[in-house]
Amino acid sequence: MKILHTADWHIGQLFHEYDRSDEHQQFLNWLVQLLHTKQIDVLLISGDVFDISNPSAQSIRMFYTFLNQATTAKPGLQIIITAGNHDSASRLEAPKPLLQSSNVHIIGLVEKDAEGNIDYEKLLVPIYDASGNIRIYCLAIPFLRMGDYPTIADCANPYTEGVTELYKEAFAYAQQKKQNGQVIIAMGHLHTHHAEITELDKTERLIMGGVECIPATAFHPDIKYVALGHIHKAQKIGGKEHVRYSGSPLPMSFSEINYKHQVIVFDLDQEINNLEAIEIPLFIPLQRIPLSHQPLHEVIALLVQLPEKDSASETSPYLEVRILLDGPEPALRHKVETALVGKNVRLARIDVKYPASSQEAPEFITPEKLNELQPIDVFGKVYQSRYNSEVPTEILQLFQQVAQEVNQTAE
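A short tour of the structure in this document, coming up. (Residues numbered from 1 in each chain as written. Predicted model: local features only at pLDDT ≥ 70, side-chain atom pairs only at ≥ 80, totals over all residues. Heavy atoms only, no water.)

### Observations regarding the packing of helix α7 (residues 296-303) against helix α8 (residues 332-339)
Where α7 meets α8, the closest approach of the two axes is 9 Å, and the angle between their N-to-C directions is 25 degrees. In terms of axis orientation, α7 runs roughly parallel to α8. Helix-helix and strand crossings are classified by hand; for α7 and α8 the assignment is right-handed. On α8, the residues touching L296, I300 and L303 of α7 are L332, K335, V336 and A339. Classifying every residue of the contact of α7 with α8 by side-chain character gives 6 nonpolar, no polar and 1 charged. (Axes fitted to C-alpha atoms, helices over the stretch in contact; angles between N-to-C directions. Helix = DSSP H or I, 4+ residues; strand = E, 2+ residues; numbered from the N terminus. Parallel < 35°, antiparallel > 145°, perpendicular 65-115°, else oblique. Left-handed = near helix turned anticlockwise from the far one by under 90°. Contact = heavy atoms within 4.5 Å. Nonpolar A, V, L, I, M, F, W, Y, C, P; charged D, E, K, R; others polar.)

Right under this line is the structure:
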């Protein structure tokens, strides 16, 4: 059977306030065509279908229109979708009874019985061949929140050990049902040890607490393929060809500017064959000017040399401007936007850097010392720590003037 693995669509995402509906629609159109031309039997979507838990009506319509077009373009296509941390598990599952008649399976919730035991039957999706025989069992595991996974007594890391135990128990349950000639695959939306992360992934890791990492050994060696989501960079994990992140179809941040986005396609009989990464077209490119931070006057000179916008162009790149400043520049955005008037770019981000601090360690100020400091002293220390330079005379004079007026008002 031919399987396609994708994840982290983030439908509805705004890229630095730019609407990406057209990009997502182009990706979905491309994917429908690929499902047809590659004659895909099974589509795996490993979480984060939407960017927010309460997506817009337009985003929902786009997703369900895709499901209709995909199953129409490839009759018999089986689709398995798991919820990610950006999705609302219950909202994603809401149309589940209707979609199952179309071989579309959505798993968002980990259901338990009255005694608190996980219902693994509802996390196990059978995949049928053209003759109607079960060929594959899929452990369709969504993003796991606290309370979803087993509680391990006296363990060092409740999340890691709990999630590992869930995959162990799920595999054991599937193994009991599996018959000769059948194989097991798995899905997951999680962070694995040693995964290469992007700028946006780092933000999510901080939100999650920084300890939620799962080793590749959590997945039983007899699981033929593990389709992962959550990390936006496509990669294999633990040196294992069959444990993979497909990555996001669209770049989610400028840190993803230098690598290709893809989906994974492979044949699965008793083993994996013909595994290939198929590159997704870049519908709107990313551009950085300059490649490394430079002084403002040099950056402005580069910006004014950019080509003029063609009125017929619909693919103007998103632009990140990288600037090195010695101090505050109140009119910075106005200067950059003025230089870009009529240019064939979409200003998405201005990334500012200041000279690196020469201090070996931050100065420790006791409460007694703090009480002795005047407001001008505190302002000077904050300015020094941020810009690595003394407060300019004109700013110092302005601060003193404002402080004097405040004092007079208070009196």
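### Observations regarding unusual backbone geometry
Following I289, the chain continues to P290 via a peptide bond in cis, the omega torsion being -15 degrees. Considering the arrangement of structural elements, one finds P290 in strand β15 (residues 286-295). Residues other than glycine seldom take positive phi values, yet D154 does so here, at roughly 55 degrees. Locating D154 in the fold gives a position in the loop between β8 (134-140) and α5 (158-177). Residue class for D154 comes out exposed when judged on its relative accessible area of 85%. For H230, which is not glycine, the phi dihedral falls at a positive 115 degrees. For H230, the location among the structural elements is in the loop between β10 (223-229) and β11 (235-237). On the basis of relative accessibility, which here comes to 1%, the residue H230 falls in the buried class. (Buried < 20%, exposed > 50% of the residue type's maximum accessible area, 1.4 Å probe, protein only.)

### Re the packing of helix α1 (residues 21-37) against helix α2 (residues 57-73)
It is at 9 Å that the axes of α1 and α2 come closest, and there the two elements cross at 15 degrees. Classed by the angle they form, the pair α1 and α2 counts as roughly parallel. Classified by chirality, the crossing of α2 by α1 is right-handed. Only Q58, M62, F66, Q69, A70 and A73 of α2 make contact with α1, whose side of the interface consists of S21, H24, Q25, L28, N29, L31, V32, L35 and H36. Here the contact of α1 with α2 is built from residues that sort into 8 nonpolar, 7 polar and no charged.

### Regarding the sheet that holds strand β7 (residues 124-128)
The strands that make up a sheet pair up through hydrogen bonds in the backbone, lying either parallel or antiparallel. Read from one edge of the open sheet, 6 strands run β7-β8-β9-β10-β12-β11, paired in mixed fashion. Two strands in the sheet have a free side with no partner beyond their single neighbour: β7 and β11. Direction aside, neighbouring strands of the sheet carry axes that sit 30 degrees apart on average. Here 5 bridges tie strand β9 (residues 183-189) to β10, and the two strands are oriented parallel to one another. Of the residues in β10, the one forming a bridge with M187 is A227. (Pairing = 2+ DSSP bridges.)

### Overview of the sheet that holds strand β1 (residues 2-6)
Taking strand neighbours across the sheet as the criterion, the 6 strands line up as β6-β5-β4-β1-β13-β14 in an open arrangement whose pairing is mixed. The open sheet is flanked by β6 (104-107) and β14 (272-279), the only strands paired with a single partner. Taken over all neighbouring pairs, the strand axes of this sheet differ in orientation by 15 degrees on average, direction set aside. In this fold α1 packs onto β1, β4 (42-46), β13 (262-268) and β14, with an angle of close to 165 degrees to the strand it touches most, β1. Across the face of the sheet, α2 comes into contact with β4, β5 (78-82) and β6 while running at roughly 155 degrees to β5.

### Some words on the environment of F143
As for its position among the elements, F143 is in the loop between β8 and α5. Looking at F143, the relative accessible area reads 10%, which means it is buried. Taking the C-alpha atoms as reference points, F143 and H189, 46 residues apart in sequence, are found 4.9 Å from one another.

### Focus on the pattern of salt bridges
One pass over the structure, following the stated rule, counts 21 salt bridges. Across the salt bridge formed by K122 and E111, the nearest N and O atoms sit 2.8 Å from each other. Taken together, the residues K122 in the loop between β6 and β7 and E111 in the loop between β6 and β7 connect sequence positions 11 residues apart. Using a relative accessible area of 42% as the deciding quantity, one classes K122 as partly exposed. K177 serves as the salt-bridge partner of E121, at 3.1 Å between the closest nitrogen and oxygen. Placement of the pair is E121 in the loop between β6 and β7 and K177 in helix α5, with a sequence separation of 56 residues. Taking relative accessible area as the criterion, E121 reaches 36% and is therefore assigned partly exposed. By relative accessible area, which is 30% here, K177 ends up partly exposed. One salt-bridge network, in which partners are shared between bridges, spans R288, E320, R322, R349 and D351. (Salt bridge = Lys/Arg side-chain N within 4 Å of Asp/Glu carboxyl O.)

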